[in-house]
Amino acid sequence: MADESKPVYLRLREIIAASILDGEFSDGDLLPSVRAFAAAQGANPLTVAKAYQSFQDDGLVVVKRGVGMFVADGATRRLRSAERERFLETIWPPVAAQIKRLGLRIDELDLAKA
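Residues numbered from 1 in each chain as written. Predicted model: local features only at pLDDT ≥ 70, side-chain atom pairs only at ≥ 80, totals over all residues. Heavy atoms only, no water.

> I'm lost on the pattern of salt bridges in this one. Help?
When the charged atoms of two side chains with opposite charge come close together, those side chains can pair. Enumeration according to the criterion identifies five salt bridges in this entry. One salt bridge in this structure joins Arg 86 and Glu 83, with 3.0 Å as the shortest N-O distance. Remark: Glu 83 and Arg 86 occur in helix α4 (residues 75-102); sequence separation between them is three residues, near one turn of the helix. When its relative accessible area of 26% is taken as the criterion, Glu 83 is described as partly exposed. (Salt bridge = Lys/Arg side-chain N within 4 Å of Asp/Glu carboxyl O. Helix = DSSP H or I, 4+ residues; strand = E, 2+ residues; numbered from the N terminus. Buried < 20%, exposed > 50% of the residue type's maximum accessible area, 1.4 Å probe, protein only.)

> What exactly am I supposed to notice about the packing of aromatic side chains here?
Ring pairs (aromatic) are described by centroid distance and by the angle formed between their planes. Inspection of every chain in the model, using the stated rule, returns two aromatic pairs. Summarising the aromatic geometry, the rings of Phe 37 and Tyr 52 are spaced 6.0 Å apart at their centres and angled 25° between planes, so their arrangement reads as stacked. Note that Phe 37 is positioned in helix α2 (residues 34-41) and Tyr 52 in helix α3 (residues 45-57), a separation of 15 residues in sequence. The same class applies to Phe 37 and to Tyr 52, which are both buried. Between Phe 87 and Trp 92, the ring centres sit 6.2 Å apart and the planes meet at 35°, which makes this aromatic pair tilted. (Phe/Tyr/Trp six-rings, centres within 6.5 Å; stacked < 30°, edge-to-face > 60°.)

> Which parts of the structure should I look at to understand a nonpolar patch on the surface?
A cluster of nonpolar residues, Phe 87, Leu 88, Trp 92 and Val 95, forms a patch on the protein surface that exposes about 350 Å² of accessible area. The topology assignment puts Leu 88 in helix α4. (Patch = residues over 30% accessible without salt bridge, like charges linked within 9 Å, V, L, I, M, F, W, Y side chains within 5 Å. Areas by Shrake-Rupley, 256 points an atom, 1.4 Å probe, with all protein chains shown as cover.)

> Honestly, the nonpolar core in this entry has me stumped. Any pointers?
Nonpolar side chains tend toward joint burial in soluble globular proteins. Of all hydrophobic cores here, the largest spans 20 residues; its most connected members are Ile 16, Leu 31, Val 48 and Tyr 52. Listed by contribution, the elements that provide at least two residues to this core are α1 (8-21), α2, α3, β2 (68-71) and α4. The contacts of Val 48, once residues within four sequence positions are left out, are Leu 12, Val 34, Phe 37, Ala 38 and Ala 43. (Core = buried A, V, L, I, M, F, W, Y, C linked by side-chain atoms within 4.5 Å. Contact = heavy atoms within 4.5 Å.)

> How should I be thinking about the packing of α1 against α3 in this particular structure?
Angle between the axes and distance between the axes: these two values describe a pair of packed helices. Viewed as axis vectors pointing N to C, α1 and α3 meet at an angle of 60°, and their least axial separation amounts to 8 Å. Classified by the angle their axes make, α1 and α3 are oblique. The crossing of α1 and α3 is right-handed. For the pair α1 and α3, the contacting residues are Val 8, Tyr 9, Leu 12, Arg 13, Ile 16 and Ala 17 in the first and Thr 47, Val 48, Lys 50, Ala 51, Tyr 52, Ser 54 and Phe 55 in the second. When its residues are assigned to classes, the contact of α1 with α3 shows nine nonpolar, two polar and two charged. (Axes fitted to C-alpha atoms, helices over the stretch in contact; angles between N-to-C directions. Parallel < 35°, antiparallel > 145°, perpendicular 65-115°, else oblique. Left-handed = near helix turned anticlockwise from the far one by under 90°. Nonpolar A, V, L, I, M, F, W, Y, C, P; charged D, E, K, R; others polar.)

> Can you help me understand the environment of Ala 39 in this one?
Within the element layout of this structure, Ala 39 appears in helix α2. Judged by relative accessible area, Ala 39 falls into the exposed class, the value being 63%. For Ala 39 and Ala 18, which are 21 residues apart along the polypeptide, the C-alpha to C-alpha distance reads 18 Å.

> I would appreciate a short explanation of the pairing of strand β1 (residues 61-64) in the present structure.
On a regular strand, one side chain projects to one face of the sheet and the next to the other, so that they alternate. With four bridges connecting them, β1 and β2 associate as antiparallel partners. Residue pairing in the sheet places Val 61 in a bridge with Val 71 of β2. As consecutive antiparallel partners, β1 and β2 are separated by three residues, and within that stretch Gly 66 has a phi angle of approximately 80°, a positive value. (Pairing = 2+ DSSP bridges.)

Dropping the structure here:
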């Protein structure tokens, strides 16, 4: 869910996080270079570097000097846990309230499309 009000580096971080959670990158995998990812996203390389730096600060990626950035061991598990917590605390409550407000039943929700 892209939120246009968020800073670009946070939106890029969400794209990277989704790629890790979706299995495009596993623990130990090499991430695209800053320039390659910037070109693919149409973003400024400095903004991509800031997004990557935030992952590095969180210990989710490691830098191998002269080689590139890699998904850290255990990063997928830690990222999934953090995203689950964020979802349950900030995203789900208004969704649950809307479901209740509209009187929807679980069988009416097409969870297979999710």
